[in-house]
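Architecture at a glance
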Amino acid sequence: MTTPTLDTANLNSSVLQYFESKGNIVFKKKVQELIEAYLHNDIINAELSLEELIPKFGFTTIPQNGHALGTFIEELEEQLLPHSINTGSPYFIGHMTSLLPSFIRPLSELLTTLNQNIVKVETAKIATLYEKQALAMMHQEIFGLSEDYYKQYISQTNTCLGMVCSGGTLANVAAMQCARNNSLQGSVDIEQYGFSEALFKSGFTRSVIICSQLGHYSLSKSLGLLGMGRKNLISIKTNDRQQVDLIELKAELLRCKAENIHVTAIVGIAGATECGSFDPLEDMADLAEEFGTHFHVDAAWGGAVLFSGTHRHLLKGIERADSVTIDGHKQLYLPMGIGMVLFKTPDTAKSITTQADYIIRKNSYDLGRVSIEGSRPANILYLQAAFKLLGKDGYRELVDNSISTASRMAEVIEKSDDFELLTRPQSNIFLYRYIPTAYRQLKFLDRDANEEISNFNIQLQEKQKMAGLFFVSRTLFKPLDQPLGSISALRVVLANPLTKLEHCLKVLEDQRTIAKSCSIEYKNI
Ligand SMILES: *Cc1c(COP(=O)(O)O)cnc(C)c1O
């Protein structure tokens, strides 16, 4: 960069310094140091609770003059880093967020330097092709069309095999928007006139989307957002393997037919958020075909099982879906902000395309034509990097490894006499709970006993979380045995490639120690 010219003469040098190309060397070096320190920190959750941090954030006036850089660095060092949750710890086995591959960090600096905006070719030339190509790669993994087909696709401007969006939520919204717009064909243009008009014109009083009770809450959000009504999400109960009950599903479809209720979509779950179960997609595809409805598969979590050698069968039938959601920022180990929805046929998304003369031109390669979002980062380069550096084999190892660790940890739990396995892992998520001594010998745990045990497990999870070294999450589990009501369960999500069985066993050991220090353990009943 040359010295400031007349054009920048009005800028204070303390502002200008942040725009000059060399950047601030001290800051760069310091951030690098902070990153290293963070990566070597064992603490997941620092001592201060959120409530204790709140007073630090009560001052809400934007600084008049920029602070000195040193002050800001201090804040990062003393406040941001220690109080961030260490999601990369091998002992953090309770959520879908975990360690990222190291190449992501320098790549993210490159990407923000390039600052491409995927909304249109004029702000993202080659990144547009990277995105189109990566979507086609994912499409090929799911739907397996011919190489010739994909070759032609890359040069087409009026077709769409998928889109990238901020996450699984928006991917599900986009899929539901397509399902809605493509249903009730021939009544009215739903995007223009609204869904109620289309329903009315086609003689239906109601339209629903059907999913198992384990459907992600983004489905209900989608229905609200799309003006279809959250109450029109029909939940089907699950079987003893936490999969949609096919008999109930068929009965519901028949009931809808008999009562003149329109079905916009059936949604299959591939990797339920709560317990990692996979719906029988093939059977669901049969039903969707029989009843002529859109079939969506929410594989936000489980999509990566496509790369598995031994477990790919869990996704059998996914190739018959009309649309599929996959999250890059879950089991593809990419940073937040990479959701994807893939469409079986290139016309599915036609009904949601938009044009705007100044920005999104018809028959252009502009990816903004189909996406719900406008300006968007070129995050797809992370996926491209991972495909190139890890390859399918790399993903296969990662997925198979976490599933195997989960099943070994579950086995240990099942054999123990103080823990109870609540769901057998189909993949790498499962539920269990601690059974306090007093309840272990009982043949039958009634509702009251279950409530006591639930309260105990809630305390146990809280205590472990606050101690800050180990983490599993917690959810409500609804056993088939209805009289028991919902029970509080501990939830394990295995993703971090550095988590070994021994880490998992330490988490359990720590829970035993905490349990022994809780009074309920010795309570007489
Ligand atoms: C995580 C998840 C979502 C939502 O994805 P976000 O990226 O959090 O928006 C949707 N469905 C399932 C099954 C998920 O696991």
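The structure we're discussing is the one just above.
For the structure given in this document, a descriptive report is provided here. (Residues numbered from 1 in each chain as written. Predicted model: local features only at pLDDT ≥ 70, side-chain atom pairs only at ≥ 80, totals over all residues. Heavy atoms only, no water.)

Side note on the site of the ligand
This is how the line gets drawn: Throughout, near means a residue has at least one heavy atom within 4 Å of the molecule or strand. A 3.5 Å cut-off defines polar contacts: any pair of N or O atoms within that distance qualifies, except that in protein one atom must be a possible hydrogen donor and the other a possible acceptor, and neighbouring residues in sequence count only when both atoms are side-chain atoms. Here, Shrake-Rupley sampling with a 1.4 Å probe gives the accessible areas, and only protein chains in the shown set may cover a residue. Gly counts as polar in this scheme, as do all residues outside two lists: the nonpolar Ala, Val, Leu, Ile, Met, Phe, Trp, Tyr, Cys and Pro, and the charged Asp, Glu, Lys and Arg.
Near the ligand there are 15 residues, and of these Thr-169, Asp-298, Asp-327, His-329 and Lys-330 occur at the shortest range. At a separation of 2.6 Å, an oxygen atom of the ligand approaches a polar side-chain atom of Thr-169. The contact in question runs from a nitrogen atom of the ligand to an N or O atom on the side chain of Asp-298, over 2.6 Å. Coverage of the ligand by the protein chains reaches 86% of its 380 Å² of free accessible surface. Here the shell around the ligand is built from residues that sort into 3 nonpolar, 9 polar and 3 charged.

Considerations on the sheet that holds strand β5 (residues 294-298)
Cut-off, in case you're wondering: Strands pair, by our definition, only if DSSP identifies at least two bridges between them. Numbering of helices and strands starts at the N terminus; helices are DSSP runs of H or I of at least 4 residues and strands are runs of E of at least 2. Axis definition: a line fitted to C-alpha atoms, over the contacting stretch in the case of helices. Angles run 0 to 180 degrees between N-to-C directions.
Ordered in space as β1-β7-β6-β5-β4-β2-β3, the 7 strands form an open sheet in which the pairing is mixed. Pairing within the sheet leaves two strands with one partner each, and these edge strands are β1 (162-165) and β3 (233-236). Between one strand axis and the next, the sheet turns through 20° on average, direction left out of account. Relative to strand β4 (residues 262-269), strand β2 (residues 207-212) runs parallel, the two being bridged by 5 bridges. For Ile-209, the partnering residue across the bridge sits in β4 and is Ala-265.

Description of the pattern of salt bridges
Between side chains of opposite charge, a pair can form when the charged atoms approach closely. Where we set the bar: We define a salt bridge as a side-chain nitrogen of Lys or Arg found within 4 Å of a carboxyl oxygen belonging to Asp or Glu. Burial classes follow relative accessibility: with a 1.4 Å probe on protein chains only, a residue under 20% of its type's maximum area counts as buried, one over 50% as exposed, and anything between as partly exposed.
Under the counting rule described, the total for this entry stands at 28 salt bridges. The closest approach of N and O atoms between Arg-424 and Glu-414, which form a salt bridge, is 2.8 Å. In this pair, Arg-424 is assigned in the loop between β8 (419-421) and β9 (429-434) and Glu-414 in helix α15 (residues 391-415), connecting sequence segments 10 residues apart. Given the relative accessible area of 57%, Arg-424 is considered exposed. Overall, Glu-414 belongs to the partly exposed group, its relative accessible area being 38%. Through salt bridges with shared partners, a single network forms among Glu-282, Asp-286, Glu-289, Lys-316 and Arg-320.

A short note on helix α18 (residues 501-517)
Formally: In this scheme, a helix's expected span is set at 1.5 Å multiplied by one less than its residue total.
Between its first and last C-alpha atoms α18 spans 25 Å; for 17 residues at 1.5 Å apiece the expected length is 24 Å, and the two agree. By the burial criterion, the buried members of α18 are Leu-501, His-503, Cys-504, Val-507, Leu-508, Asp-510, Gln-511, Arg-512, Ile-514 and Ala-515.

Some points on the packing of aromatic side chains
The geometry of an aromatic ring pair is captured by the separation of the ring centres together with the interplanar angle, meaning the angle of the planes. Condition: Think of it this way: a Phe, Tyr or Trp ring, Trp meaning its six-membered ring, pairs with another when their centres are within 6.5 Å, and the plane angle makes it stacked under 30 degrees, edge-to-face over 60, tilted otherwise. Working rule: Lys NZ or Arg CZ, within 6 Å of ring centre, within 35 degrees of ring normal, means a charge sits over the ring.
Following the criterion strictly, the structure yields 11 aromatic pairs and no others. Between the aromatic rings of Phe-27 and Phe-72, the centroid separation amounts to 6.3 Å while the plane-to-plane angle is 40°, which identifies the pairing as tilted. Placement of the pair is Phe-27 in helix α2 (residues 25-39) and Phe-72 in helix α4 (residues 69-80), with a sequence separation of 45 residues. Using a relative accessible area of 26% as the deciding quantity, one classes Phe-27 as partly exposed. For Phe-72, a relative accessible area of 38% translates into the label partly exposed. Here the aromatic rings of Phe-92 and Phe-471 are separated by 5.0 Å at their centres, their planes lie at 15°, and the arrangement is stacked. Of the two residues, Phe-92 is situated in the loop between α4 and α5 (104-114) and Phe-471 in the loop between α17 (447-467) and β10 (473-477); the sequence distance between them amounts to 379 residues. In terms of burial, Phe-92 and Phe-471 fall into one category: buried. The ring of Tyr-153 has Lys-132 lying over it, and the distance from NZ or CZ to the ring centre is 4.6 Å.

A word on the sheet that holds β10
With antiparallel pairing, the 4 strands of this open sheet are ordered in space as β8-β9-β11-β10. The open sheet has two edge strands with one neighbour each: β8 and β10. Adjacent strand axes in the sheet meet at a mean angle of 40°, parallel and antiparallel pairs treated alike. Across 3 bridges, β8 lies against β9 in antiparallel orientation. Within the sheet, the bridge partner assigned to Glu-420 lies in β9 and is Arg-433.

Notes on the packing of α5 against helix α14 (residues 380-389)
Under the convention used in this document: Small angles under 35 degrees read as roughly parallel and large ones over 145 as roughly antiparallel, with 65 to 115 read as roughly perpendicular and the rest as oblique. Should the near helix be turned anticlockwise from the far one by less than a right angle, the crossing is left-handed, and should it be turned clockwise, the crossing is right-handed. Here, two residues are considered to be in contact whenever any of their heavy atoms come within 4.5 Å of each other.
Viewed as axis vectors pointing N to C, α5 and α14 meet at an angle of 140°, and their least axial separation amounts to 10 Å. The angle between α5 and α14 places the two elements in the oblique class. In terms of crossing hand, the pair formed by α5 and α14 is right-handed. Mapping the contact onto sequence places Ile-104, Leu-107, Ser-108 and Leu-111 in α5 and Leu-381, Tyr-382 and Ala-385 in α14. When the residues that make up the contact of α5 with α14 are grouped by side-chain class, the tally is 6 nonpolar, 1 polar and no charged.

Observations concerning the state of the cysteines
Our working rule: When the sulfur atoms of two cysteines come within 2.5 Å, that pair is taken as a disulfide.
Counted by the stated rule, this structure contains 0 disulfides. For the unlinked cysteine Cys-160, the closest cysteine sulfur is that of Cys-178, found at 7.6 Å. Among the cysteines around Cys-211, which has no disulfide bond, Cys-275 carries the closest sulfur, lying 12 Å off. Among the residues examined, Cys-211 registers a relative accessible area of 2% and is labelled buried.

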